[in-house]
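This is what each chain is made of:
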Amino acid sequence: MVEGRGVTSYTYNKDGSVAHKTTDGRLIVPLTKEEAGDQVWLTRAGTEAYLARKLANPECTTGLDAAQARADEAGMPAIAVPETLGQMLTILAKSMRAQRVLEIGTLAGISTHYLACALPADGQIDTIEASPEHAKIAQANFLALDTCPFPTTHVGQALKLLRDPNGVFKDPPGTIEGLPEPGYDLAFVDANKDEYFEYFTECLRLVRKGGVIVFDNAIRNGRIAVPDGTKIDSDCVGLRKMYDWIEKDAGKTVIASAIQTVGDKSWDGFAIVYKL
Ligand SMILES: C[S@@+](CC[C@H](N)C(=O)[O-])C[C@H]1O[C@@H](n2cnc3c(N)ncnc32)[C@H](O)[C@@H]1O
């Protein structure tokens, strides 16, 4: 057992050892899993790993470790959704019987795959990614995972693509085909936090009535909630614009909620918006 006094956090290193930090920020010599003993499970990282293992849905999660390894080898940042949030997206899309999904921010396609898993084979998933390198790894992952329906990755700056008057996002999907309810059933927003308000506006245009928009990283260690006039970063400015808009709307256009989470990374959470 490890002396727990003053130790605030434990995280797994890539080699399986466990790093632990003290309250004063000192990083103590890494421990083996055996040395860390049970204590590692009494942490956010340990609990996240436990839940991911217990709740995995093999039909969707098989191959995701290799997909993440491909992203790691390519030097991509480790900022994909954790398994629990990925699976929540699957459940949400499945429970809505979603057929058309929009994602903003693909990275290596991990969240895209969780969403695709919920769709019928003839469903549609459009994902937008600014980085051609990220899009390339995502494409390799979709092929390796046999992601179905196969996602269409749109490479470019999200707002430019979404606002192109001649582009694929000009109208909600199904408009030209004359569908009675054109629009995406679900949108998942996980790209440039500064632009969340603008993504919100575009999603409101593209999502059908009764559709849902999920915004990842919508809490930012609580910095969204500091008093007006406090200096905040541009991420929070974008998010606060969205929360201000929803407040003014007062339930006329959308119903919204936001859930704070403690994952293995930090204190954050997601916002969820239902279009009336
Ligand atoms: C947090 S990661 C997405 C993670 C992914 N949704 C997942 O959970 O597997 C954010 C991604 O958005 C992309 N991105 C950032 N700004 C963007 C923009 N303006 N337009 C499109 N993509 C952008 C980044 O290159 C990065 O790959």
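Residues numbered from 1 in each chain as written. Predicted model: local features only at pLDDT ≥ 70, side-chain atom pairs only at ≥ 80, totals over all residues. Heavy atoms only, no water.

Under the annotation held in an unreviewed UniProt entry, the protein chain carries the name O-methyltransferase and is attributed to Cutaneotrichosporon cavernicola. Comment text from UniProt for the protein chain, heading Sequence similarities (unreviewed entry), reads "Belongs to the class I-like SAM-binding methyltransferase superfamily. Cation-dependent O-methyltransferase family." (UniProt positions renumbered as here; feature names shortened; annotations may be inferred.)

Draft legend 1. Highlighting the site of the ligand. In the vicinity of the ligand there are 21 residues, among which Val81, Ser111, Glu129, His134 and Asp190 approach most closely. Between a nitrogen atom of the ligand and a main-chain N or O atom of Ala130, the distance comes to 3.0 Å. Separating a nitrogen atom of the ligand from a backbone N or O atom of Ala158 is a distance of 2.9 Å. Compared with its free state, where it exposes 610 Å², the ligand has 90% of that area covered by protein. (Near = heavy atom within 4 Å. Polar contact = N/O pair within 3.5 Å; in protein donor to acceptor, adjacent residues only side chain to side chain. Areas by Shrake-Rupley, 256 points an atom, 1.4 Å probe, with all protein chains shown as cover.)

Draft legend 2. Molecular detail of helix H7 (residues 132–145). With 14 residues, H7 should reach 20 Å at 1.5 Å per residue; the first-to-last C-alpha distance of 20 Å fits that figure. Those residues of H7 that fall on the buried side of the exposure criterion are His134, Ala135, Ile137, Ala138, Asn141, Phe142 and Leu145. Along H7, the residues classed as buried sweep out an arc of 165° about the axis, all on the same side. Pointing more than 90 degrees away from the buried face of H7 are the exposed residues Glu133, Lys136, Leu143 and Ala144. Buried residues along H7 sit in contact with helix H4 (64–73), helix H6 (110–116), strand S5 (124–129) and strand S6 (152–155). Following H7 by one or two positions, Asp146 adopts a phi angle in the positive range, close to 60°. (Helix = DSSP H or I, 4+ residues; strand = E, 2+ residues; numbered from the N terminus. Expected span 1.5 Å × (residues − 1). Buried < 20%, exposed > 50% of the residue type's maximum accessible area, 1.4 Å probe, protein only. Arc of directions from axis to C-beta. Contact = heavy atoms within 4.5 Å.)

Draft legend 3. Broad picture of the sheet that holds strand S10 (residues 267–275). The strand order S6-S5-S4-S7-S8-S10-S9 describes an open sheet built from 7 strands, whose pairing is mixed. With one partner strand each, in any of the chains shown, S6 and strand S9 (254–262) form the two edges of the open sheet. Looking at each pair of strands side by side, their axes are set apart by 15° on average, direction ignored. Across 5 bridges, strand S8 (residues 207–216) lies against S10 in antiparallel orientation. What sits directly across from Asp216, in S10, is Phe270. Sheet strands touched by helix H5 (residues 83–95): strand S7 (184–189), S8 and S10. Its angle to S8, the strand with the most contacts, is close to 175°. (Pairing = 2+ DSSP bridges. Axes fitted to C-alpha atoms, helices over the stretch in contact; angles between N-to-C directions.)

Draft legend 4. Looking closely at unusual backbone geometry. Looking along the chain, the bond that leaves Cys148 and enters Pro149 is cis, with omega of 0°. Among the secondary structure elements, Pro149 is positioned in the loop between H7 and S6. Residue Asn217 is not a glycine yet carries a positive backbone phi of 55°. In this structure, Asn217 sits in the loop between S8 and helix H10 (234–249). The backbone of Asn221 shows a phi angle near 55°, a positive value even though the residue is not glycine.

Draft legend 5. Local environment of the state of the cysteines. On inspection of all chains with the given rule, the structure shows 1 disulfide. One disulfide bridge connects Cys60 with Cys117, the sulfur atoms lying 2.4 Å from each other. Linking Cys60 and Cys117, the disulfide has an S-S dihedral of approximately 95° and is accordingly described as right-handed. Separated by 57 residues along the polypeptide, Cys60 in helix H3 (residues 58–61) and Cys117 in the loop between H6 and S5 bring together distant segments of the chain. Of the residues examined, Cys60 reaches a relative accessible area of 2% and is grouped as buried. Residue Cys117 is classed as partly exposed on the basis of its relative accessible area, which comes to 22%. Here Cys148 is not cross-linked by a disulfide; its sulfur's nearest cysteine counterpart is in Cys117, at 9.3 Å. (Disulfide = S-S within 2.5 Å.)

Draft legend 6. Fine view of the pattern of salt bridges. Per the stated rule, a full pass over the model turns up 10 salt bridges. Taking the shortest distance from any N to any O, the salt bridge between Arg205 and Glu202 comes out at 2.9 Å. Of this pair, Arg205 and Glu202 are both found in helix H9 (residues 196–206), 3 residues apart, which corresponds to roughly one turn of the helix. Linked by salt bridges that have partners in common, Arg163, Glu202 and Arg205 make up one network. (Salt bridge = Lys/Arg side-chain N within 4 Å of Asp/Glu carboxyl O.)

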